[in-house]
Amino acid sequence: MAFYTTAAICVVVYLLIPVLLYLLIPRDPTINPRKRAIVLVLGDIGRSPRMQYHVLSLLETGFLVDFVGYTDTAPLQSITDNPDVKIHEIKPAEKLGLPKGLPFIIVAVIKVLYLTKQLYQILRPLRNAEYLLVQNPPSLPTMFVCYVFTTFVSRRTRYVIDWHNFGYTVLGLKLGSEKNILVQVNKWYERWFGRYAFAHLCVTKLMATVLVRDFKVNAFRIIPLPDRPAIQFQPLSDEKKANLFSTNPIFDGFNPATDKLVITSTSYTPDEDLTVLLDALSQYDSCSTVETPLPKILTLVTGKGPLREQFLKDVSTRSWSNVELRTAWLSAEDYPVVIGAADIGVSLHLSTSGWDLPMKVVDMFGCGVPVLARDFPALSELVVSNRNGLIFNNSDELSKHLIDIFTKPELLRTIQKGASVECSNRWNEMWRITAGPLFHIPNREDLTEVPSSESSDDEY
């Protein structure tokens, strides 16, 4: 009798298992017949141009998109006005109001736990999306959360990392050394959880080799997707430039007939030493004499960030007669127009890893503006000296380049021509050809003959 009772209980329990699973495990939302992608950036979406371009490319190919990130700055109007995009706000950990003076490690742990909980709460209702495209860095806690989400919560979702840089190198710059134990832990974490992604996009070919060599990522799952200018970055006609100079108060007192416009964009972070620019401008100014006058330079610095006040303090100590410097924060719509008016652009980006590339250079090329760029290992994938710009290592070289291009018209015309060539290779075409197959988007026949190019952060 006991045997039959036990057997009956076992049968009942066995039959109850699917019922219990049905009741205990949350039901998946109804799967939309249209493909859906989640684009996640643990940063300000309005200052994340590459991720915005991903969103637009996915929209153009029929996806519904959930865009997750901080909302301090409004993204492109073409995103905010599109009914197929839903923006999900991440509330910054700074709003926790932690007491000042806490050790860095304690603050970091609290912030990571806070963001982990918040990201999971945002992602959980979005399960069953076809793709989860995540920007890296930052890697903490996004990599862990995305791994858990795609492994246990939404197994049909393919997890794709878009590598802009390596998080441990950014942390190393902040803490002063890559040998710091926290940096080493972050590196291990990034390597470990990075391997679980379905696919990897990266901004340079050099970065792809590092992912294979150091992170042991399968080479067949890596797709180098170099930054290319979006459609809003276009060369300005002389008529539009004249109208801009006469109507925009940024250019009050600027004479385009005799003066030169130099533009740089920055996020005012430690990986850009703006002192190099200020020292070069001082040298340029001192080289302009009555006997050998140089064109007057208006230098426009656009962007915002943590070191902006320190920069302005440094500017206030400078005394120039032939150089003027102004700062501005431009909207996503105004930024391409102002960039297009420049005679030359300057990039002070000094990669923390040496393997990423500055988006600002791509933006300038899109407007046909040549660039003076600070050198680092991967830069040759984008800037070719004496073809689409010039490369420098210090303020002396930058000052010399400024003097040369404004006293040697042929040199300026040559690099302007090279920058104009870069305009022909746009983001939409590059994305569809390289990333499109990953998202099961076929290449259009009219895009198979896109001209080749020698080239491979968020400052407006």
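Time to look at the overall build of the protein chain. The number of helices and strands found in the protein chain is 16 helices and 13 strands. A burial count over the protein chain gives 52% of its 460 residues as buried. Taken as a whole, the protein chain presents about 21700 Å² of accessible surface, with 58% of it coming from carbon and sulfur.

The next point concerns the pattern of salt bridges. The final tally for this structure, using the stated rule, is 14 salt bridges. In this structure, the salt-bridge partner of R213 is D214, at a minimum N-O distance of 3.0 Å. According to the relative accessible area criterion, R213 is partly exposed, its value standing at 48%. For the salt bridge of R318 with D314, the shortest nitrogen-to-oxygen distance reads 3.4 Å. Look at the salt bridges and you will find they share partners, linking R50, D162 and D227 into a network.

The amide bond that connects P137 to the next residue, P138, takes the cis arrangement and shows omega of 5°. Looking at the element boundaries, P138 is found in the loop between β4 (131-136) and α5 (142-153). A cis amide bond links L140 to the next residue, P141, at an omega of 0°. Among the structural elements, P141 can be located in the loop between β4 and α5. A positive phi angle is found at K216, which is not glycine, with a value near 55°. Relative to the assigned elements, K216 resides in the loop between α8 (205-213) and β7 (222-224). Here N386, not a glycine, exhibits a phi torsion of approximately 70°, which is positive.

This next bit is on the sheet that holds strand β8 (residues 260-265). One open sheet accounts for 6 strands, arranged β10-β9-β8-β11-β12-β13; its pairing is parallel. One side of each edge strand has no neighbouring strand; the edge strands of this open sheet are β10 (323-328) and β13 (389-392). Each adjacent strand pair in this sheet contributes to an overall mean axis angle of 20°, direction not counted. Of the pairings in the sheet, the one linking strand β9 (residues 297-302) to β10 comprises 6 bridges and is parallel in character. What sits directly across from T299, in β10, is L325. Where helix α13 (residues 359-366) meets the sheet, its contacts fall on β8, β11 (344-347) and β12 (371-374), and the angle it forms with β11 comes to roughly 170°.

One can find T302 in strand β9. By relative accessible area, T302 is classed as buried at 0%. Residues T302 and R326 lie 24 residues apart in sequence; the distance between their C-alpha atoms is 8.5 Å.

A pair of packed helices can be characterised by two numbers: the angle between their axes and the separation between those axes. Helix α15 (residues 409-422) packs onto helix α14 (residues 395-407) with a crossing angle of 100° between their chain directions and a minimal axis gap of 5 Å. As far as their axial angle goes, α15 and α14 are roughly perpendicular. Judged by residue contacts, D404, I405 and T407 of α14 engage P409, L411, L412 and I415 from α15. Residues of the contact of α14 with α15, tallied by class, amount to 5 nonpolar, 1 polar and 1 charged.

What follows covers helix α4 (residues 104-123). Look at α4: 28 Å from first C-alpha to last across 20 residues, which is about the 28 Å you get at 1.5 Å a residue. Check the buried side of α4 and you find it contacts β1 (36-44), β2 (64-70), β3 (85-89), β4 and α5.

Every buried residue belonging to α5 is among T142, M143, V145, C146, Y147, F149 and T150, and all of these are buried. The inward-facing, buried residues of α5 contact β1, α4, β4, β5 (158-163) and α7 (181-194).

Before going further, it helps to examine the packing of aromatic side chains. Following the criterion strictly, the structure yields 22 aromatic pairs and no others. Note on F63 and F439: the rings are 6.3 Å apart at their centroids and 85° apart in plane angle, and the pair reads as edge-to-face. Taken together, the residues F63 in the loop between α2 (49-60) and β2 and F439 in the segment after α16 (427-434) connect sequence positions 376 residues apart. Judged by its relative accessible area of 0%, F63 is buried. Seen in terms of ring centroids, Y131 and F439 are 4.8 Å apart; in terms of plane orientation they differ by 65°. Their pairing is edge-to-face. Pair noted here: Y131 is in strand β4 and F439 is in the segment after α16, with a separation of 308 residues, a long-range link.

Basis of the calculations
Residues numbered from 1 in each chain as written. Predicted model: local features only at pLDDT ≥ 70, side-chain atom pairs only at ≥ 80, totals over all residues. Heavy atoms only, no water. Helix = DSSP H or I, 4+ residues; strand = E, 2+ residues; numbered from the N terminus. Buried < 20%, exposed > 50% of the residue type's maximum accessible area, 1.4 Å probe, protein only. Areas by Shrake-Rupley, 256 points an atom, 1.4 Å probe, with all protein chains shown as cover. Salt bridge = Lys/Arg side-chain N within 4 Å of Asp/Glu carboxyl O. Pairing = 2+ DSSP bridges. Axes fitted to C-alpha atoms, helices over the stretch in contact; angles between N-to-C directions. Contact = heavy atoms within 4.5 Å. Parallel < 35°, antiparallel > 145°, perpendicular 65-115°, else oblique. Nonpolar A, V, L, I, M, F, W, Y, C, P; charged D, E, K, R; others polar. Expected span 1.5 Å × (residues − 1). Phe/Tyr/Trp six-rings, centres within 6.5 Å; stacked < 30°, edge-to-face > 60°.

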